[in-house]
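Here is what each chain is made of, one letter per residue.
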Amino acid sequence: MAEFMTETTQSEQRSPAVPRPGAAGDARGGTGRPEQEQRAPDGDGTEPAEGQEALALLERTRALVDPELRAALESLPGSMRRIALYHFGWQNADGTSAAGNAGKAIRPALVLAAAEALGGPAARAAAVGAAVAVELVHNFTLLHDDVMDRDTSRRHQPTAWTVFGDTDAILAGDTLLALALRLLAEDAHPAGGPAAARLANCVVELCAGEHTDTDMEHRAPDEVTLDEVLAMAEAKTGALLGCACALGALYAGAGPEEVAALDGFGRQVGLAFQLIDDVIGIWGDPERTGKPAGADLAARKKSLPVVAALTSGTEAAAELAELYGKPYVAGDAEGIARTALAVERAGGRDWAQAEAADRMARVMQELARAVPDPEAAGGLLALAEFVTRRSS
Ligand SMILES: CC(C)=CCC/C(C)=C/CC/C(C)=C/COP(=O)(O)OP(=O)(O)O
C-alpha cells in the first residue's frame, strides 16, 4: 500500500527541522501502547499484528474506490482534471502518468465499513459511490488547506498550488467538492439524496472549523480555551469522519438513531485522529511524516497539545505564552526546540495522549451503541485503533 502520511511540509521559511526534545520519543498514540506497537505500517515488516486488519481494509477500500474515483476525475474538463490527477499522485506535473500516492483512504474505508457493519456486503457495494464522494471532499479540503497554510509538500510531492498556482489549486478543490455532491445527487439509490444533504452540511461545518483554526492563529496565547480548540477539532476533522460513518449507515438503510450513533462514533475517532495528528506535528519523525517536525509551532498554531500546555497554569505555560507571543523567525530551529520542550514540560504532550485514550474509550462506547454485534463492528474498531496508533 502507498506510503502513510498525515499532513504536509510547510514552506521552509516557516518550518525548520526541530531537534527532538531529550525525553521525547516518537509521537505516540493515545492508547498507551509502547512505541514499537504504535508504528504506522511502512512495509518494513514492523506492523503490529492487530494493525493488519485495518491495513487489509484500507487496501480493499483503495481497490474498490479508485476505479470510480478515477472515472469521476476523468469526466472533468482537461484543465481541472490535470490538477486533480496530479494532486492524487496519478499524474506528474507534465501530464505523464505516475504510480501515485492517493493517501491512506481512512474516510472511504469508514464509509464502507459502516455500510457493511449494518447492511452486509450488499450495502458495502452500494456505498462505493458515497465512499468516493467523501474522499473527494477530503481532497477538496487538502487542496484548499495547503494554499491557506502555504504548505509546500503533501504525500511526498510538491503541493498543487506550488506547481499550478493558488488560483488553479483553489479551483481544482472547488471542482472536487462539486463532483462529490454531483455523484451523490445522481445516485439512484434512495440514500443518495439524504447523503448529499448530509455531506453538504458537513462541508459547512468543516469550513467553520477551519475558519476558527486560522482565526486562532491571530489570537493571543491566553485567549484560547481548551473547550474551544476541542470544538474546532471536532468541526475541522471529526465532522467528516462522522459523516463518512453516517453515509455508510444511510446506504445500509439504517434509521435516524443508528445514523446518529455512527456519526457520533466517527466524530470521536476524528478527535482521536486530530489529537495524534497534533502530537505528530510537534514530535513526529520527519522521515515518516514527510513534514519537518515543529511546523505547527513555527506557524504559532493553537493545536490541541499547545492549548493544553498554555492553559496548564504552570511555569512552562508562561514561558510558552511568551515564546508564542513573538513571531517565528525563519530558520530559528533552536527556538522551535525550546517551544516544543515548553509544551512538553507544561504537560501538553501527556494531556494529548491521555485525551486520545479517553476518546478511544468513548469510541468503544459509541460503537457498542451503534453496532451491538461485536463481529459486525470489527472493521470499524480496527480502523479506529489504526488512526490512534499511527506515527505518520
Ligand atoms: C474547509 C477546509 C479547508 C478544511 C480543512 C480541514 C483539514 C485539512 C483538516 C485536517 C484533517 C487532516 C488531519 C487531514 C490529513 O488526513 P489524512 O492523514 O487522512 O490524509 P491522507 O488522505 O493523505 O491520508
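A brief structural summary. Note that the coordinates shown come from a computational prediction; the quantities given were computed from them, not determined experimentally. (Residues numbered from 1 in each chain as written. Predicted model: local features only at pLDDT ≥ 70, side-chain atom pairs only at ≥ 80, totals over all residues. Heavy atoms only, no water.)

### Considering the overall build of the protein
- Broken down by element type, the protein carries 17 helices and three strands.
- Split into buried and exposed, the 392 residues of the protein put 58% on the buried side.
- Partitioning the contacts of the protein with sequence separation of at least 6, the portion at a separation of at least 24 is 75%.
- Here the protein displays about 14600 Å² of accessible surface, and carbon together with sulfur accounts for 53% of that area. (Helix = DSSP H or I, 4+ residues; strand = E, 2+ residues; numbered from the N terminus. Buried < 20%, exposed > 50% of the residue type's maximum accessible area, 1.4 Å probe, protein only. Contact = heavy atoms within 4.5 Å. Areas by Shrake-Rupley, 256 points an atom, 1.4 Å probe, with all protein chains shown as cover.)

### Quick word on the site of the ligand
- Near the ligand, the surroundings consist of 19 residues, among which Lys 104, Arg 107, His 138, Arg 155 and Glu 210 are the closest.
- Note that an oxygen atom of the ligand is positioned 2.8 Å from one of the side-chain N or O atoms of His 138.
- Between the ligand and Arg 155, the relevant distance is 2.9 Å, taken from an oxygen atom to a side-chain nitrogen or oxygen of the residue.
- For the ligand, the accessible surface in isolation is 630 Å², of which the surrounding protein chains cover 96%.
- Of all elements in the fold, only α5 (128-149), α8 (192-217), α9 (226-251) and α10 (256-283) reach the threshold of two or more residues within the shell around the ligand.
- Per-element tally for the shell around the ligand: the top contributor is α5, with five residues.
- Among the residues making up the shell around the ligand, the classes are represented as four nonpolar, seven polar and eight charged. (Near = heavy atom within 4 Å. Polar contact = N/O pair within 3.5 Å; in protein donor to acceptor, adjacent residues only side chain to side chain. Nonpolar A, V, L, I, M, F, W, Y, C, P; charged D, E, K, R; others polar.)

### A closer look at the packing of aromatic side chains
- What the rule picks out here adds up to two aromatic pairs.
- Consider the rings of Tyr 86 and Phe 164, whose centres lie 5.4 Å apart with planes at 75°: the pair is edge-to-face. With a gap of 78 residues between them, Tyr 86 in helix α3 (residues 78-87) and Phe 164 in helix α6 (residues 160-164) connect regions that are remote in the sequence. Per residue, the accessibility class of Tyr 86 equals that of Phe 164, and both read buried.
- On the basis of an interplanar angle of 15° and a centroid distance of 5.3 Å, the ring pair of Phe 88 and Trp 90 is categorised as stacked. Note on accessibility: Phe 88 and Trp 90 belong to one class, buried.
- Taking the ring centre of Phe 273 as reference, the NZ or CZ of Arg 107 above it sits at 5.4 Å.
- One residue, Arg 150, lies across the ring of Trp 161, its end atom 3.9 Å from the ring centre. (Phe/Tyr/Trp six-rings, centres within 6.5 Å; stacked < 30°, edge-to-face > 60°. Lys NZ or Arg CZ within 6 Å of the ring centre and 35° of its normal.)

Worth remembering: the numbers are spatial, not functional.
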